[in-house]
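Structure assessment
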Amino acid sequence: MQLSIVIPLLNEKDSLIELHDWIAQVMQSNHFLYEILFIDDGSTDGSWEAIKELSSNYTTVKGIRFLRNYGKSQALHAGFFAAKGEVIITMDADLQDNPEEIPELYNLVKNEQFDLISGWKKKRYDSVLSKNLPSKLFNWAARKTSGLKLHDFNCGLKAYHSNVVKNIEVSGDMHRYIPVLAKNAGFSKIGEKVVQHQARKYGATKFGAERFINGFLDLVTIWFLSKFGRQPMHLFGALGVLMFIVGFGFSVYLGVDKLFIHKAGRLITDRPQFYIALTSMLIGTQFFLAGFLGEIMVRSKKNENNYTIVEETK
C-alpha cells in the first residue's frame, strides 16, 4: 500500500464526509493505493457513527474509537500502529488542512528520500493575538532548543516514511514535537513544505491558549529527554557529585579551622558554613540517588499504551 492517511479527531462530525470525499477525489485522480484511518478520540457528537457509515460504504476507510478523550498524541500513536502504507500522512479533521497537498508530500518522501516532511502554514486564517503570535514565539523557541530549522512544528499536515512512525513513541502531548522525536531516533533527512491553510468551516477550535503553556513545558521535557533521557545519571549524578563536593569542602574547612586554627572559637553548629555543608551534602546525595533510580527505571521500562480502544471498524 502506498499511502496511509491518519486523521485524529474530536467532535468533527460535520466535516468528516466532506473531508473523506475530498481525500478520495485526490487519491483516485492520482491513482494511489491508500487507506484512511479515522481515530475518534472520545467524540460525543456522533462522529463515530459517521465514521462507521463511511467504513461500511468504503473499503478504504477504517475507524478506531477510544473509550474516552486521551489526547492527540495517543490518537496518532494508535494510527501509526495500525497504518500499513509505505508513506503516512497525518492531517486534522477540521478541513483546515488541504488534501491537495498530499501528492507532493508523498513525492518528497517516496522519491526525494525524505524521512519526514512537516507542513508550514505560512499564511494562516487564525486569530493573530490568540494563535498566530503565540505560535510564532513557540516555534522560535522550539527551533532554538531542538536545532531543527522548521517554521511550524505544530502543523497537523505532515508526511512520514513508515520507518519513522514505527520507530518513535508519541506519548503525553508530544505530537507537537514528532520531528524532534524523529531526529533523536536518528532520522536526519527532515524537511518542510509550505502548505495551504484553510479557514475553519465547521465547529470551533479544540485548543485554547493553555496549549502554548503546555507546549513550552513539553519543550523543556523533550530537551531533557533528548539530552539525558537514556542516561539520567549523567545529569543528576554530576549535579549530585558537585553538590556533595561543595558540602564536603565546607566540612573539611570547618574541621580544620576548629581543630587547628580557632580552637576556642564558636561552636561549629553556630556557623552558617555548617548548614551550607550539611544542606549541600544532603542535596548532593538526593541528586545522586535520583539519577540512580532514573537509570533503573530506564532499563526496566516497558512500552505500554496509555489509551484504551473500545471499538474498531472492519
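Details of the structure are given in the entry above.
So, here is what we can say about the structure in this document. Values in this document were obtained by computation on a predicted structure and should not be read as measured data.

Regarding the overall build of the protein chain
When you go through the protein chain residue by residue, the secondary structure sums to 10 helices and eight strands. A compact globule built from 314 residues would reach a C-alpha radius of gyration of about 20 Å, whereas the protein chain, at 26 Å, exceeds it by more than 25%. The buried share among the 314 residues of the protein chain stands at 45%. Looking at the protein chain alone, contacts between residues at least 24 apart form 80% of all its contacts between residues at least 6 apart.

Regarding the packing of aromatic side chains
Overall, the coordinates contain five aromatic pairs when judged by the stated rule. The interplanar angle of 25° and the centroid separation of 6.3 Å between the aromatic rings of Phe236 and Phe287 together place this pair among those described as stacked. Here Phe236 is found in helix H9 (residues 233–261), whereas its partner Phe287 is found in helix H10 (residues 272–300), with 51 residues between them in sequence. One residue, Lys189, lies across the ring of Phe114, its end atom 4.9 Å from the ring centre.

Details of the sheet that holds strand S2 (residues 34–40)
In spatial order, the strands read S7-S5-S6-S4-S1-S2-S3-S8; together these eight strands make up an open sheet with mixed pairing. For this open sheet the edge positions go to strand S7 (190–194) and strand S8 (309–312), each flanked by a neighbour on one side alone. Across the sheet, the mean angle separating the axes of adjacent strands is 20° when strand polarity is ignored. Across three bridges, strand S5 (residues 116–120) lies against strand S6 (residues 158–161) in antiparallel orientation. Across the sheet, residue Leu116 finds its bridge partner in S6, namely Tyr160. The strands that helix H4 (residues 102–110) touches are strand S1 (3–9), strand S4 (87–90), S5, S6 and S7; relative to S4, the one it contacts most, it runs at about 140°.

Concerning unusual backbone geometry
Of note, the phi angle at His31 is positive, near 60°, even though the residue is not glycine. The backbone of Leu95 sits at a positive phi, close to 70°, despite the residue not being glycine. Of the residues examined, Leu95 reaches a relative accessible area of 4% and is grouped as buried.

Topic: the pattern of salt bridges
Pairs can form between side chains of opposite charge once their charged atoms are near each other. Under the definition given, this model contains nine salt bridges. Across the pair Glu104 and Lys193 runs a salt bridge, and its minimum N-O distance is 3.7 Å. With Glu104 in helix H4 and Lys193 in strand S7, this residue pair connects regions lying 89 residues apart in the sequence. When its relative accessible area of 10% is taken as the criterion, Lys193 is described as buried. Taken together, the shared-partner salt bridges in this structure form one network comprising Lys52, Arg65 and Glu311.

Side note on helix H1 (residues 13–29)
With 17 residues, H1 should reach 24 Å at 1.5 Å per residue; the first-to-last C-alpha distance of 26 Å fits that figure. Each element contacted by the buried residues of H1 is listed here: S1, S2, helix H2 (47–57), strand S3 (61–66) and H4. His31, located one to two residues past H1, shows a positive phi value of around 60°.

Cut-offs and rules
Residues numbered from 1 in each chain as written. Predicted model: local features only at pLDDT ≥ 70, side-chain atom pairs only at ≥ 80, totals over all residues. Heavy atoms only, no water. Helix = DSSP H or I, 4+ residues; strand = E, 2+ residues; numbered from the N terminus. Rg over C-alpha atoms; globule rule 2.2 N^0.38 Å. Buried < 20%, exposed > 50% of the residue type's maximum accessible area, 1.4 Å probe, protein only. Contact = heavy atoms within 4.5 Å. Phe/Tyr/Trp six-rings, centres within 6.5 Å; stacked < 30°, edge-to-face > 60°. Lys NZ or Arg CZ within 6 Å of the ring centre and 35° of its normal. Pairing = 2+ DSSP bridges. Axes fitted to C-alpha atoms, helices over the stretch in contact; angles between N-to-C directions. Salt bridge = Lys/Arg side-chain N within 4 Å of Asp/Glu carboxyl O. Expected span 1.5 Å × (residues − 1).

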